[in-house]
Amino acid sequence: MDDSFEIVLGEATDSHAYLYVRATRTAKTIHRLTGLLTGPECQYGRTLPNRYALDSMAPTGGPLAELVVPEPCFWTPEMPLIYRLDMQLQDRAGETQTFSRLVGIRRWGVDRTAFRLDQRRTVLRGVDVGSRTPNMEQLGKAHKEQVTLIVRRPDATLGEAASRMGVALVADLRGMDSRAMVSRELFRVSRWPAVLMALVDVSQIDQEQPLPAGLIMLQPLGTSKGEIASWADAVMVETGPASSLPDWLAEVDKPILALRPSHQDESLATTRQACDRLQADLAPQFDLAGYFVSQRPLTQTNQLMTPPDPLPNPSLDRYRRQTRYRQFGEAGQCRLLASRVLVCGCGALGSVIAETLVRAGVGFVRVVDRDFLELDNLHRQVLYDEADVAAGLPKAAAAADHLGRINSQVEVVPVVEDISYQNIRRLADDVDLLLDGTDNFQTRYLLNDYAIATGKPWIYGGCIGAEGQTMTILPGTTPCLACVMPESPPASVIPTCETAGVLGPIVNVIASLQAIDAIKILSGHPEARNPGLTVIDLWQHQLRTVGLAALAESSDCAVCKQGDFAWLEGRRGDAAISLCGRNAVQISPTQSPTATAQPLQLDELARKLRSIGQVTSNPFLVRLTVEHYVISIFADGRAIVSGTDDISVARAVHARYIGA
């Protein structure tokens, strides 16, 4: 529900400001909201934080909640003072979820043909960095030089860091196919005080949907005279080598930003000089509101600018063999080291994916798996060994131990949980890309919903027997999983590893295809990804790629075209599922825990169960062997009942020995 509301600045003066929490068009079940505003916080100056209570209101056509902030501090690049708003959102079913947002009371606005900051006319200068994510050092330089960054769909990490450091951002949202996705993306980026503007194509805006308050809408224009949209607050035009602009721009009664493509990579330290040169070239003709430089033409929205050649870095020495690959290079390696991924499931596919990415130098890898190791895993789950099985460790914990010894430069975070709609945002909001290493379609449809809702790429993969398939999904650009498979086949007709078997080599092939597409995207080359659905049969030595371009145009997908996220919102899914190839059933808690729920006391549970049967335990789980069943209980309340694949039998066994 994190995109179900927006924070709106109503009225702001030097003495007070009104903040409203307003439901967006996606809100369906919001009942009431309470919260606490704390701040201001500042990266560069000392402030005395205050606490303001958020009044709870029922939504009767107006805001959900309102707040009066006396003597507000206004966010500016020179002094980024921001507040933190901690909210509790209650739905009509009585369930409560907690969210945190940064709130900056912007003083940016539009004054006819100019921008203003604190009532002063302000000329912007900046650089288009494309899909590159600036690091903290570069953000510091951007703040020092007062450089505005145009960034392609900034993520949460960049949005918060820029807000705290006082770096103004322009969110480039062009090239997305779905208007619904653009609308959701606008509300997503508007939550960060640093994002001043959004650059959006005319065809991407749904005139009937509201736009986020306080966000300046920027429309790109070509060199020929065209219509300016009613929603556009400002326009951006590209100037060629001759540094001239069309005369008809003199008739435009809006702020105009000029962008000059550059054949050199303008560093942040030299951007202001490059912008000053552009201003000097254009000054005899126009007095514009802003000047930007970039390596890529404004009109080529689907082409990424070439990443810069980084300075020599001793830490890249271990990667020198892959940086010598011309299309990848040191620039790609630097991007990889700054990337964050979520590996969903760390069994057969996931263990190969995680190991490949860690060896390649992806900077942060979070591995999430709900299961523990068994002996018959080892023929295909190549990251593990017999000692891991004997220790009875969960796969995520064993994987993190091995991966940490493989590459100490990479941060590996293990999570022993079942991925569900309650925790997917906590697990995935701070990563750049998701990889599918799961064994069931329920989780895959959840990942697909989340990826489309947030605009994050994800890579699907699956194996059975000697066959496998994989597909890379770029929200807004490619079809999604639901376009290809609107519904999962019935469980009774889906072969499993237990019924059909699985050969280890197909796992390695599919996982490697998933990993290389992840490396392409994270290193700044999404155009090189697998363009369709790849299907492989190693036994018959067959490989084919199913083209999906026509499907992207013709599909009326409920997820990526209509924005119906049934799995993400918890309207679809089962609390008990049969595990592939395990003769086991996983049972999740009847009352699903929230992100703040207390974990089970495993020591106490182990003592209780010792009177029933044989009990073994470790810091991650308690295992009870009774009759011919083995019941493994995890700290998050899940249980895996081994010895049956019948869900009703598993429920009965669980209720008999653990409790309903």
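For the structure itself, consult the block above.
Residues numbered from 1 in each chain as written. Predicted model: local features only at pLDDT ≥ 70, side-chain atom pairs only at ≥ 80, totals over all residues. Heavy atoms only, no water.

1. Focus on the sheet that holds strand 11 (residues 114–117)
Judged by pairing direction, the sheet is antiparallel, and its 3 strands sit side by side in the order 10-11-12 without closing on themselves. Strand pairing shows two members of the sheet lacking a second neighbour, strand 10 (108–111) and strand 12 (120–122), which therefore form its edges. For this sheet, the mean inter-axis angle between neighbouring strands, taken without regard to orientation, is 45°. Bridge analysis of strand 10 against strand 11 gives 4 bridges, and the strand direction is antiparallel. By the bridge assignment, D111 is partnered in strand 11 with A114. (Pairing = 2+ DSSP bridges. Helix = DSSP H or I, 4+ residues; strand = E, 2+ residues; numbered from the N terminus. Axes fitted to C-alpha atoms, helices over the stretch in contact; angles between N-to-C directions.)

2. Quick word on the environment of E569
By the secondary structure assignment, E569 is in the loop between helix 15 (549–554) and strand 29 (576–579). The class for E569 is partly exposed, based on a relative accessible area of 37%. In the structure, E569 is positioned 147 residues away from Q422 in sequence and 8.6 Å away in space, judged by C-alpha atoms. (Buried < 20%, exposed > 50% of the residue type's maximum accessible area, 1.4 Å probe, protein only.)

3. As for the packing of helix 1 (residues 136–145) against helix 2 (residues 156–165)
It is at 10 Å that the axes of helix 1 and helix 2 come closest, and there the two elements cross at 40°. One finds that helix 1 runs oblique with respect to helix 2. Considering only the axes of helix 1 and helix 2, their crossing is right-handed. The residues of helix 2 that touch helix 1, namely those facing M136, L139, G140 and H143, are L158, A161, A162 and M165. Classifying every residue of the contact of helix 1 with helix 2 by side-chain character gives 6 nonpolar, 2 polar and no charged. (Parallel < 35°, antiparallel > 145°, perpendicular 65-115°, else oblique. Left-handed = near helix turned anticlockwise from the far one by under 90°. Contact = heavy atoms within 4.5 Å. Nonpolar A, V, L, I, M, F, W, Y, C, P; charged D, E, K, R; others polar.)

4. Considerations on the packing of aromatic side chains
With the rule as written, the count across this model stands at 3 aromatic pairs. Their ring planes at 15° and their centres at 5.5 Å tell us that Y445 and W567 sit as a pair that is stacked. Here Y445, found in helix 11 (residues 441–454), pairs with W567, found in the loop between helix 15 and strand 29; they are 122 residues apart in sequence, far enough to count as distant. We note that Y445, like W567, is buried. Centroid distance W458 to Y460: 6.5 Å. Interplanar angle 65°. Geometry classified as edge-to-face. Among the aromatic side chains, those forming a connected cluster through ring pairs are F441, Y445 and W567. Directly above the ring of F441 sits R444, whose terminal nitrogen or CZ lies 5.1 Å from the centroid. (Phe/Tyr/Trp six-rings, centres within 6.5 Å; stacked < 30°, edge-to-face > 60°. Lys NZ or Arg CZ within 6 Å of the ring centre and 35° of its normal.)

5. Side note on the sheet that holds strand 14 (residues 148–152)
Whenever strands of a sheet pair, they do so through backbone hydrogen bonds, lying parallel or antiparallel. Ordered in space as 13-14-15-16-17-18-19-20, the 8 strands form a closed barrel in which the pairing is parallel. Adjacent strand axes in the sheet meet at a mean angle of 25° when their direction is disregarded. The pairing of strand 17 (residues 216–221) with strand 18 (residues 234–238) spans 4 bridges and is parallel. Following the sheet pairing, Q219 is matched in strand 18 by V235.

6. Some details on helix 7 (residues 348–360)
Here helix 7 is 13 residues long and its end C-alpha atoms lie 19 Å apart, about the 18 Å a rise of 1.5 Å per residue gives. Burial of helix 7 is extensive: 11 of the 13 residues sit out of reach of the surface. All buried positions along helix 7 are accounted for by A348, L349, G350, S351, V352, I353, A354, E355, L357, V358 and A360. Immediately beyond the C-terminal end of helix 7, within one or two residues, lies G361, with a positive phi of roughly 100°. (Expected span 1.5 Å × (residues − 1).)

7. So, the pairing of strand 33 (residues 629–634)
Among the 6 residues that make up strand 33, 5 are buried, leaving the element largely enclosed by the rest of the structure. When strand 32 (residues 621–626) meets strand 33, the two strands line up antiparallel, connected through 6 bridges. The residue of strand 33 that forms the bridge with R623 is S632. Hairpin connection of strand 32 to strand 33: 2 residues between the antiparallel strands, including E627 at a positive phi of 50°. For strand 33 and strand 34 (residues 639–642), the ladder comprises 4 bridges, and the chain directions are antiparallel. Directly across from S632, in strand 34, lies its bridge partner I640. The hairpin formed by strand 33 and strand 34 contains 4 residues between the paired strands, and G637 there has a positive phi angle of roughly 95°.

8. Digging into the side chain of S163
Tracing the chain through its elements places S163 in helix 2. Here S163 falls in the buried class, since its relative accessible area comes to 0%. For S163, the side chain forms a polar contact with the main-chain nitrogen of A194, separated by 3.2 Å. Ignoring sequence-local partners within four residues, the contact set of S163 consists of W75, P80, I82, L102, W192, P193 and A194. (Polar contact = N/O pair within 3.5 Å; in protein donor to acceptor, adjacent residues only side chain to side chain.)

9. What about the pattern of salt bridges?
In this structure the tally under the stated criterion is 19 salt bridges. As a salt-bridge pair, D172 and R174 come within 2.6 Å of each other at their nearest N and O atoms. This pair shows no difference in class: D172 is buried, exactly as R174 is. Note that E185 and R188 form a salt bridge whose closest N and O atoms lie 2.4 Å from each other. Of the two residues, E185 and R188 both sit in helix 3 (residues 179–189), 3 residues apart, roughly one turn of that helix. In this structure, E185 and R188 share a single accessibility class: buried. Linked through salt bridges whose partners overlap, the residues forming this network are R153, E185 and R188. (Salt bridge = Lys/Arg side-chain N within 4 Å of Asp/Glu carboxyl O.)

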